[in-house]
Amino acid sequence: MSKGSTEALAGRRKFLGLAAAGMGGVLLAPGIHLIEVAQAATPEVTSKVRWGLLIDTTKCASGCTDCVSACNSENGLDPKPSPTSAQWIRKVEIKEIKTGRQASLPVMCQHCAQPPCVDVCPTGASFKRADGIVLVDRHSCIGCRYCVMACPYKARSFVHEPLTDQKPDVPRGKGCVEGCTLCVHRVDRGGTPACVEACTKAGHEAMLFGDLNDPDSAISKRVREVASRQLRADLKLDPGVRYLGL
Amino acid sequence: MHCGLGCQLLRHPLMVAVTLVLLIASGAAMAEPAGRTPKPAIEPARAGTQCVAPPEVMRRDHPAMLKHQRDVTVHRGVRQARDSLQGCVGCHASAATGSVAQAKTDFCSSCHGYAAVSIDCFECHASRPAQRTAQAEATKP
């Protein structure tokens, strides 16, 4: 099927969906609503998509923590982190000794294609979704923290204390390991991660989110044009997060 | 006459016993609704909403439904599904506390307290529909 006809079909589907929603609202007796109509479920994720991040360290200012605070507020993390607080994203300052060149970059779960955290998990709680996002299923996490040890990026945290007032989209609790989810709750609804949104909103434009499998996406075009690096590429984990200017 | 009197004498303790038994039985029957364990008072859901299944089905099968949905959501990314926990919380949050499991009278905790089954959902999940209210406030003119 050609691209144009697929788009036409998608448009027709959207129209039919809207029409069905309207008809449902009209035809049903008062007080009875079809919940399926009111909020449609998001589609299942597929391996056609590989979500990735491109971080331009030349645009990432030293001392700027916009992405970190956006992550903390989006996911209900500790706004004033203590040494034992969960940390999903952190700023790292690096300096090349010989030249004195400095760079600042955010480091979070690198969403590896070959994630060591998944390899070591004894319960299958640490897993990789079809679209490449590496997550912890808290329902089966027993808090053993093998994944924390296995991750070369120090991207996983453990929740030590009971929590209250979690975000409805981000359930978190004591006794589980957690890490950057690439804001799955937003991505599944067609959005972008909170860190990327905050970085773009503040005008830094240092973070780019997109589908690495789609040759027409902005991130694919950029990684094709400019040399980018994966952190610890020698480990051959094939992270979905890439860095420019390192 | 003799027989009648004798019979009456004989019947009298029997009658007493029968009435006693009846009284105790009726007393027990009357006391049952307001027994030692009060029946849970189920708070009605948000007005104008319809549950995903009839009450008999929900009472028996809601754990299985939620358990199935959680795997579909976490592993396959299907959000805002029919059987989502957020859906339950959205309609059943108490008008007074705004939660399904904060006070003992809230929707989830009232039944679970009666059946002595602990709920672990809300150790991690939000028991109040914060997003809905935030969205409603945002869309208000």
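Since this is a predicted model, take the numbers as computed values, not measurements.

## Details of the overall build of chain B
Link 1 in the chain: Helix and strand counts for chain B stand at six helices and zero strands.
Link 2 in the chain: Along chain B, helices and strands appear, N-terminal first, in the series α-α-α-α-α-α.
Link 3 in the chain: For chain B, with 141 residues in total, the buried portion stands at 22%.
Link 4 in the chain: For chain B, restricting intrachain contacts to residue pairs at least 6 apart in sequence, the fraction spanning at least 24 positions comes to 47%.

## Quick word on the overall build of chain A
Link 1 in the chain: Secondary structure summary: chain A contains eight helices and ten strands in total.
Link 2 in the chain: Expressed as a percentage of its 246 residues, the buried residues of chain A come to 34%.
Link 3 in the chain: Here the analysis covers contacts within chain A between residues at least 6 apart in sequence; of these, 59% occur between residues at least 24 apart.

## Some thoughts on the packing of helix H3 (residues 66–75) of chain A against helix H7 (residues 194–201) of chain A
Residues and elements named next belong to chain A.
Link 1 in the chain: One can describe the packing of H3 onto H7 by two numbers: an axis separation of 8 Å at closest approach and a directional angle of 135°. In terms of axis orientation, H3 runs oblique to H7. Taken as a pair, H3 and H7 cross one another with a handedness that is right-handed. Along the contact surface, H3 presents Asp66, Cys67, Ala70, Cys71 and Glu74, while H7 presents Ala194, Cys195, Glu197, Ala198 and Cys199.

## Focus: the interface of chain A and chain B
Link 1 in the chain: Between chain A and chain B, the contact holds 28 residues from the first and 23 residues from the second.
Link 2 in the chain: Elements that contribute at least two residues to the side of chain A that touches chain B include exactly helix H2 (35–38) and helix H6 (184–187) of chain A.
Link 3 in the chain: A breakdown of the residues in the side of chain A that touches chain B according to their chemical character gives ten nonpolar, eight polar and ten charged.

## Remarks on helix H2 (residues 55–76) of chain B
Link 1 in the chain: Along H2(B), the sharpest kink reaches roughly 70°, centred on Asp61(B) and followed within four residues by the proline Pro63(B).
Link 2 in the chain: Immediately downstream of H2(B), the backbone of Gly77(B) shows phi near 70°, a positive value.

## So, the confidence of the model for chain B
Residue and element names in this part refer to chain B.
Link 1 in the chain: When pLDDT is averaged along chain B, the result is 79, and 67% of the positions lie at 70 or above.
Link 2 in the chain: Across chain B, H2 holds the top mean pLDDT of 96, while helix H6 (residues 130–139) sits lowest at 48.
Link 3 in the chain: Considering only residues more than four positions removed or in separate chains, one finds that residues 132–141, a stretch of pLDDT under 50, has one contact.
Link 4 in the chain: Model confidence for the complex: the whole-complex pTM is 0.77, and ipTM, which rates the interface, is 0.79.

## Comments concerning the sheet that holds strand S8 (residues 207–211) of chain A
Link 1 in the chain: The sheet built from four strands is open, its strands ordered S8-S1-S10-S9 (chain A) with mixed pairing. The sheet is open, and its two borders are formed by S8 and strand S9 (228–229) of chain A, each paired with just one other strand.

## Regarding unusual backbone geometry
All names here are of chain A.
Link 1 in the chain: In this structure, histidine 111 is a non-glycine residue whose phi angle is positive, near 45°.
Link 2 in the chain: Mapped onto the fold, histidine 111 is located in the loop between strand S3 (102–108) and helix H4 (116–120).
Link 3 in the chain: You can call histidine 111 buried: it has 27 C-beta atoms within 10 Å.
Link 4 in the chain: Positioned with a positive phi, aspartate 238 is a non-glycine residue whose angle comes to about 50°.
Link 5 in the chain: You can see aspartate 238 is positioned in the loop between S9 and strand S10 (241–244).
Link 6 in the chain: Exposure remark for aspartate 238: the 15 C-beta atoms within 10 Å place this residue in the partly exposed category.

## Quick word on the nonpolar core
Link 1 in the chain: Judged by nonpolar contacts, the single largest core of 52 residues is most densely connected at Ile55(A), Cys67(A), Cys71(A), Ile89(A), Cys195(A) and Met207(A).
Link 2 in the chain: Sorting the residues of this core by element identifies strand S1 (51–56), H3, S3, strand S5 (134–136), H6, H7, S8 and S10 of chain A as the ones contributing at least two each.
Link 3 in the chain: Ranked by the residues each element gives to this core, the list is headed by H7(A), at five residues.
Link 4 in the chain: Non-local contacts of Met207(A), meaning those with residues more than four positions away in its chain, are made with Leu53(A), Ile55(A), Cys67(A), Cys195(A), Val196(A) and Cys199(A).
Link 5 in the chain: Core analysis: the second largest hydrophobic core is formed by eleven residues, Ala93(B), Val100(B), Cys108(B) and Phe122(B) among them.

## A short note on the pairing of strand S2 (residues 89–95) of chain A
All names here are of chain A.
Link 1 in the chain: The pairing of S2 with S3 spans seven bridges and is antiparallel. The partner of arginine 90 across the bridge, within S3, is valine 107.
Link 2 in the chain: In sequence, S2 turns back onto S3 through a hairpin of six residues, with glycine 100 there showing a positive phi of about 80°.

Conventions adopted
Residues numbered from 1 in each chain as written. Chains lettered and ligands numbered in written order. Predicted model: local features only at pLDDT ≥ 70, side-chain atom pairs only at ≥ 80, totals over all residues. Helix = DSSP H or I, 4+ residues; strand = E, 2+ residues; numbered from the N terminus. Buried ≥ 20, exposed ≤ 12 C-beta atoms within 10 Å, placed from the backbone. Contact = placed C-beta atoms within 7 Å. Axes fitted to C-alpha atoms, helices over the stretch in contact; angles between N-to-C directions. Parallel < 35°, antiparallel > 145°, perpendicular 65-115°, else oblique. Left-handed = near helix turned anticlockwise from the far one by under 90°. Nonpolar A, V, L, I, M, F, W, Y, C, P; charged D, E, K, R; others polar. Bend = angle between axes of the 7 residues up to and from the residue. pLDDT = per-residue confidence, 0-100. Pairing = 2+ DSSP bridges. Core = buried A, V, L, I, M, F, W, Y, C linked by C-beta atoms within 7 Å.

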